[in-house]
Amino acid sequence: MPREEMLTGKKKVAIFLLAVGPEIASRLLKMFPEQDIEGITMEIANLNRVKKEVRDEVIDEFLLLAEVQQVMLEGGVEKARELLEKTLGHNKALEIINRLKEQVKVKPFSFVRHTEPKQLVNLISGEHPQTIALILSYLDNQQAAMILSALPMDVQADIARRVALMDRTSPEVLKEVERVLREKVSSIFQQDFTQAGGIDTIVGILNSVDRGTEKLILEELEKEDAELVDEIRKCMFIFEDIITLDDASIQRVVREVDSKDLAKALKGASEEVKERIFRNISKRAAEMLREDLDFMGPVRLREVEEAQQRIVGIIRRLDEAGEIIISRGGEDAIIV
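Note that the structure is predicted; figures quoted are calculated from it, not measured. (Residues numbered from 1 in each chain as written. Predicted model: local features only at pLDDT ≥ 70, side-chain atom pairs only at ≥ 80, totals over all residues. Heavy atoms only, no water.)

Turning our attention to the overall build of the protein. For the protein, the helix and strand inventory stands at 19 helices and 0 strands. Counting across all 336 residues of the protein, residues that qualify as buried make up 40%. Sequence separation of at least 24 residues holds for 75% of the intrachain contacts in the protein that already meet a minimum separation of 6. When the accessible surface of the protein is totalled, it reaches about 19600 Å², and 51% of it is carbon and sulfur. (Helix = DSSP H or I, 4+ residues; strand = E, 2+ residues; numbered from the N terminus. Buried < 20%, exposed > 50% of the residue type's maximum accessible area, 1.4 Å probe, protein only. Contact = heavy atoms within 4.5 Å. Areas by Shrake-Rupley, 256 points an atom, 1.4 Å probe, with all protein chains shown as cover.)

Next comes the structure, spelled out in structure tokens:
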């Protein structure tokens, strides 16, 4: 029996994190659930010297599992099982696959995630808007944004609305759409359906498209469903995102904000947000704001959220007027 099989899962993680070094380890550790971080940290603290052969076996296992997960995403469970059987034998392969199937949720349409967006647009542009919306809901935000932007302008808002209003799709419909698309890209894929679509999905996509496309889609969508657009806009920029604004933009926003609203909003804000605000107001204004916060006392969460939302509304208005810039990446992030 290999030495690494005698180790617990958390001890294997601890050994792996020590092997990759503190910089990478710190980034990886943040990705674990909070309840696991303490246990892994304790294992790291309790580790003394780790034999080279044990360390190498643990690293080999991590590399193998990473490769298997990638194969599961791109080629399906059967291909992953074949890979494991060649390396570990049938019984061990079956055990690991059963464990990974519980851990790895393979999203439908993941077989097209490496397809060029332009090619994918050509493949799906003739499909019904609901079919296109279903496909976009399962792609990552960047890829979906590129495809949505490349589709004809007269259907973009309709597809965005369908993504936002989508809840669940029956397995039969999903499998049929996958089958048709799989045939078009000559790929092999078979997996259970999961929930997709909804406000969060369309917000993620719209946050990734350029400002012009976003504005066009929301304006067209607002003609049909103003309440839906209002809900989308509320989610597109939250109060904590104020730290992504440049100093000049924050100063411009603060000039428009009621001092009482600013104090209430900061009552529930992170220290990073507070620091950015204080840094961008005068010394006298900062003193007065700190006094307001000190003497305000307990505030209902609802009042804090309402104040933050009013400030977000001001930020959105100033952005639409071109007085400040909300960076969305890509060309929108370029300032000349």
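Taken as a class, soluble globular proteins show a tendency for nonpolar side chains to be buried jointly. One finds Leu 136, Ile 147, Ile 159, Ile 202 and Ile 232 to be the most contacted residues of the largest nonpolar core, which totals 35 residues. Of all the elements in the fold, those that place two or more residues in this core are α7 (117–124), α8 (129–138), α9 (141–150), α10 (153–165), α11 (171–185), α12 (199–206), α13 (211–224) and α14 (226–236). Ranked by residue count, the leading element in this core is α8, at 6 residues. Counting 28 residues, the second-largest nonpolar core is a separate cluster that includes Ile 242, Leu 262, Ala 307 and Ile 314. (Core = buried A, V, L, I, M, F, W, Y, C linked by side-chain atoms within 4.5 Å.)

Once that is clear, we can look at the pattern of salt bridges. Opposite charge on two side chains permits them to pair, given that their charged atoms come into close proximity. Under the counting rule described, the total for this entry stands at 16 salt bridges. Between Arg 55 and Asp 56 there is a salt bridge, with the nearest N and O atoms lying 3.3 Å from each other. Judged by its relative accessible area of 33%, Arg 55 is partly exposed. Residue Asp 56 is classed as partly exposed on the basis of its relative accessible area, which comes to 26%. The salt bridge partner of Glu 303 is Lys 264, with a shortest N-O separation of 3.6 Å. Residue Glu 303 is located in helix α19 (residues 301–320), and its partner Lys 264 is located in helix α16 (residues 259–267); the two are separated by 39 residues in the primary sequence. Look at Lys 264 and you get partly exposed, because its relative accessible area is 27%. Residues participating in the shared-partner salt-bridge network are Asp 158, Arg 161, Arg 162 and Glu 224. (Salt bridge = Lys/Arg side-chain N within 4 Å of Asp/Glu carboxyl O.)

The next subject is the packing of α16 against α19. Two numbers describe how α16 lies on α19: the axes approach to 8 Å, and their chain directions differ by 120°. With respect to α19, the axis of α16 lies oblique. Helix-helix and strand crossings are classified by hand; for α16 and α19 the assignment is left-handed. Across from Asp 261, Leu 262, Lys 264, Ala 265 and Lys 267 in α16, the residues of α19 making contact are Glu 303, Val 304, Ala 307, Gln 308, Arg 310 and Ile 311. Here the contact of α16 with α19 is built from residues that sort into 5 nonpolar, 1 polar and 5 charged. (Axes fitted to C-alpha atoms, helices over the stretch in contact; angles between N-to-C directions. Parallel < 35°, antiparallel > 145°, perpendicular 65-115°, else oblique. Left-handed = near helix turned anticlockwise from the far one by under 90°. Nonpolar A, V, L, I, M, F, W, Y, C, P; charged D, E, K, R; others polar.)

This brings us to the side chain of Gln 308. Residue position: Gln 308 is located in helix α19. Judged by its relative accessible area of 15%, Gln 308 falls in the buried class. Discounting residues that sit within four places of it in the chain, Gln 308 has contacts with Phe 239, Ala 265, Gly 268 and Ala 269.

What follows is about helix α15 (residues 247–256). Of all the positions in α15, only Ser 249, Ile 250, Arg 252, Val 253 and Val 254 are classed as buried. Lining the buried residues of α15 we find α16, α17 (271–279) and α19. Sitting at the amino-terminal end of α15 is Asp 246, which places a side-chain oxygen 3.1 Å from the backbone nitrogen of Ala 248. (Polar contact = N/O pair within 3.5 Å; in protein donor to acceptor, adjacent residues only side chain to side chain.)

For the structure on display, the rule yields 0 aromatic pairs. If you follow Arg 290 out to its NZ or CZ, it ends over the ring of Phe 278, 4.0 Å from the centre. (Phe/Tyr/Trp six-rings, centres within 6.5 Å; stacked < 30°, edge-to-face > 60°. Lys NZ or Arg CZ within 6 Å of the ring centre and 35° of its normal.)

Structurally, Arg 252 can be placed in helix α15. A relative accessible area of 17% means that Arg 252 is categorised as buried. Between the C-alpha atom of Arg 252 and that of Glu 323, which follows or precedes it by 71 residues, the distance is 8.1 Å. Apart from residues no more than four positions distant in its own chain, Arg 252 is found in contact with Leu 318, Glu 323 and Ile 324.

The next thing to look at is the environment of Ile 132. On the secondary structure map, Ile 132 appears in helix α8. Along the chain, Ile 132 and Arg 162 lie 30 residues apart, while their C-alpha atoms are 9.2 Å from each other. Leaving out residues up to four positions away in the same chain, Ile 132 has contacts with Ile 124, Ser 125, Glu 127, Leu 151 and Ile 159.

By themselves, these figures tell us nothing about what the structure is for.
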